[in-house]
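Here is what each chain is made of, one letter per residue.
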Amino acid sequence: MRLGTIIIYLFITLAKIFGLSDRSLEFSVEYFVGVETKYVCLLSCEKSYWYRNFVKRGSSQNIAAMSVYVDRRENLDFKMIDLCLTHSTAPIGILINPKCSTFEDLMYYASENSFFDARYKWLIVDETEIINNLSVTVNTDRYLENFNSAEEENNVTDINMTIVQVLSAVNLSVDADITVSITKGSRRYDLFEIFNFGKIRGGKFIIQKIGNWDEKKGLNISKVFKYYRRWDFQNMALKMIVAMNTLGKAFDPVMITNRVPAPGVAVITQTGAQILEEVAALHNIRYNYTVVDRWVGDYKREHLYTVTNGLYFREHDITPVLRFLRNHFSRYDVLFPSVTLYETRYYYKIPSYGIGNFENQFLRPLSTAAWWCVVAIAILCGIVLMLSAIVERRPITIDFALFSVLALICQQSRKLTILVTGLSCLLIYNYYTSSVVSWLLNGPPPSINSLQELLESPLQPLFQDTGVSYSWLQLPDYYYNNKNTKAEDELKKRLLNMKKNGKNIFKSVNDGIDLVRQGGYVYHTDTNGANKRISETFTQRELCDLDSLESMPKYLLYPCVQKNSPYRQFYSWSLLRLKERGIIRCIQLRTWSQGLKCDGSSPRALALGGAAPAFILLAIGYVLGTIIMLLER
């Protein structure tokens, strides 16, 4: 027995000197085939013949390989290592022997350069664990997972303490794909996956068995998706950043997760936060919240009070909702699917005074050019009469030409009065019929059709006190609708001037809609919050007097995480599961509000303010007819 132990020890020593064995070569190729990896980077401290054999066997399985010699610390070529690890856009396999003298340096380098994320599939082949008393060990039975049968739960395995110490110190996360193979006998490897739920966030370091490889039976590895194996985050805390107005109160998560959101909380924030809370409840995660006042920032380090800046500088892990902004894709990652919709409108009470855009369009006064034509024709007639008087050798007087023109038009006061009365009646009838058709039958038309018309109106603009409004007002390149950039720039200038003059331009949804109800104000807010308040306060008649102008069309909103976040794949997978089960749709229906419309039972009163020109013409005609009658007498 003692002789057998000595022989085994000599075999281990030779393995250390000459590198990995042919058996490990066969196992490694079969492993990368099993995990569907087509490109492998060999961080090798062995002789080149092992690399050539790997390439030969790998090419038969459509696996390409590149090798970097990493035997000595002083000779490490990090440029070649970077080239090896970034050579392919597809998932990259990495094979390394933990007995290399540079193993610890390479692990720390990989940690600092984010080479432990889901794009890289690490295989650490350790062949020195044939007998446990040859090295320091750490028992990992408390991490073992039942992946095949109950027998595996009682299989206590020891892993080299050096590997555990190094990997527990580096920055691993839940998306890490690190597999350590431990030799069991002369023909078998046991496979363990190593990860951390989040080293930076205080997550736990986990080692759990996922399968084995046998020289006769081949690779037997768990086919269960890795996030099913990593289901329980063990109450780890992630940092969530949200934009809202707490109205001077201390923040409580109930403000955004309750069925009825607190004042100052947008419905989109409530919807997104409730969906992420469902994910947290399923996976034993908790959130530490940070509240800021704006969604989109300028990406300056000193301005961390915006959602996008918090993600960009990796101070926070996730936010419940953000817009799909293409020019921001390099700053943070978007999770799919979407969790809610966002639409904003300008709400106002239809004005009942004014000319043109605010009244019936069928009865408008003649244009300036038309009136000048009337004056020119009258002058021309006067000139013709004066010329005829000269030809007939009559006395040339101004009153003769003037009254001759009036006589040609009217002949006498009675006919003038009849003419004016007829014209007035025709105008009033035209106004009445057009008003009946356009207002009573079709309902009140939109009185403001563009943002430019809104700026020309006497309505005072107000905005909802939310992070979206603050971002829009402070960022020069942020717009609700790119089709209205000029009008929005003009509106921003007007609002900034109002703010400088001490006017409060931001109002809560309840206060803003109440001011719209009184009249004289136009309020910009999201449709969900507005619909909820309108349904609570407006009567049917007031609904018929209410109108709105589109600001931001319906946009899908998505949860977002840090760029290349280790939680991106996990959250996308979790959100898709919630969507498949109808949970996202259930939360949306619970938080969204339905729009209300005028049903036509309270038509707008037919006012005669627009027919004023007809009455003015009637009055002037009567007075002029009376004057002509007196002059004729």
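Here goes a summary of the coordinates provided. Bear in mind that the values here come from a model prediction, so they are computed numbers and not experimental data.

Below, the discussion takes up helix H16 (residues 467–474). Along H16, 7 of the 8 residues are buried, which leaves the element largely enclosed by surrounding structure. Turning to H16, its buried residues are Gly467, Val468, Ser469, Tyr470, Ser471, Trp472 and Leu473. Looking at the buried side of H16, the elements it contacts are strand E11 (236–243), strand E15 (340–349), strand E16 (460–464), helix H17 (485–500) and strand E17 (506–507).

All right, on to the pattern of salt bridges then. Within this structure, the stated rule accounts for 19 salt bridges. In this structure, Lys226 and Asp177 form a salt bridge, with 3.3 Å as the shortest nitrogen-oxygen distance. Note that Lys226 is positioned in helix H8 (residues 226–229) and Asp177 in strand E7 (residues 177–183), a separation of 49 residues in sequence. Across the salt bridge formed by Lys532 and Glu536, the nearest N and O atoms sit 3.0 Å from each other.

Read from one edge to the other, the open sheet built from 8 strands follows the order E2-E1-E3-E4-E7-E8-E9-E10, with strand pairing classed as mixed. Edge positions in the open sheet fall to strand E2 (64–69) and strand E10 (218–221), since each of these has one partner strand only. Going across the sheet, the axis of each strand differs from the next one's by a mean of 25 degrees, ignoring polarity. The sheet contact formed by strand E9 (residues 205–214) and E10 spans 4 bridges and is antiparallel. Its bridge partner lying in E10, Asn212 is registered against Asn220. Along the sheet, helix H7 (residues 161–169) makes contact with strand E4 (120–126), E7, strand E8 (188–196) and E9, crossing E9 at roughly 130 degrees.

Right, let's talk about the environment of Tyr51 for a bit. In this fold, Tyr51 is placed in helix H3 (residues 48–59). When near neighbours in sequence (up to four residues on either side) are disregarded, Tyr51 contacts Leu42, Ala65, Met66 and Ser67.

In terms of nonpolar packing, the biggest core is built from 115 residues, with Leu43, Met107, Trp122, Leu167, Tyr287 and Tyr571 touching the most fellow members. Leaving out residues up to four positions away in the same chain, Met107 has contacts with Ile96, Phe116, Trp122, Val166, Leu167 and Val170. Formed by 19 residues, the second largest nonpolar core is a distinct cluster that contains Leu95, Val125, Ile210 and Trp213.

Reading the values: the criteria
- Residues numbered from 1 in each chain as written.
- Predicted model: local features only at pLDDT ≥ 70, side-chain atom pairs only at ≥ 80, totals over all residues.
- Heavy atoms only, no water.
- Buried < 20%, exposed > 50% of the residue type's maximum accessible area, 1.4 Å probe, protein only.
- Helix = DSSP H or I, 4+ residues; strand = E, 2+ residues; numbered from the N terminus.
- Contact = heavy atoms within 4.5 Å.
- Salt bridge = Lys/Arg side-chain N within 4 Å of Asp/Glu carboxyl O.
- Pairing = 2+ DSSP bridges.
- Axes fitted to C-alpha atoms, helices over the stretch in contact; angles between N-to-C directions.
- Core = buried A, V, L, I, M, F, W, Y, C linked by side-chain atoms within 4.5 Å.

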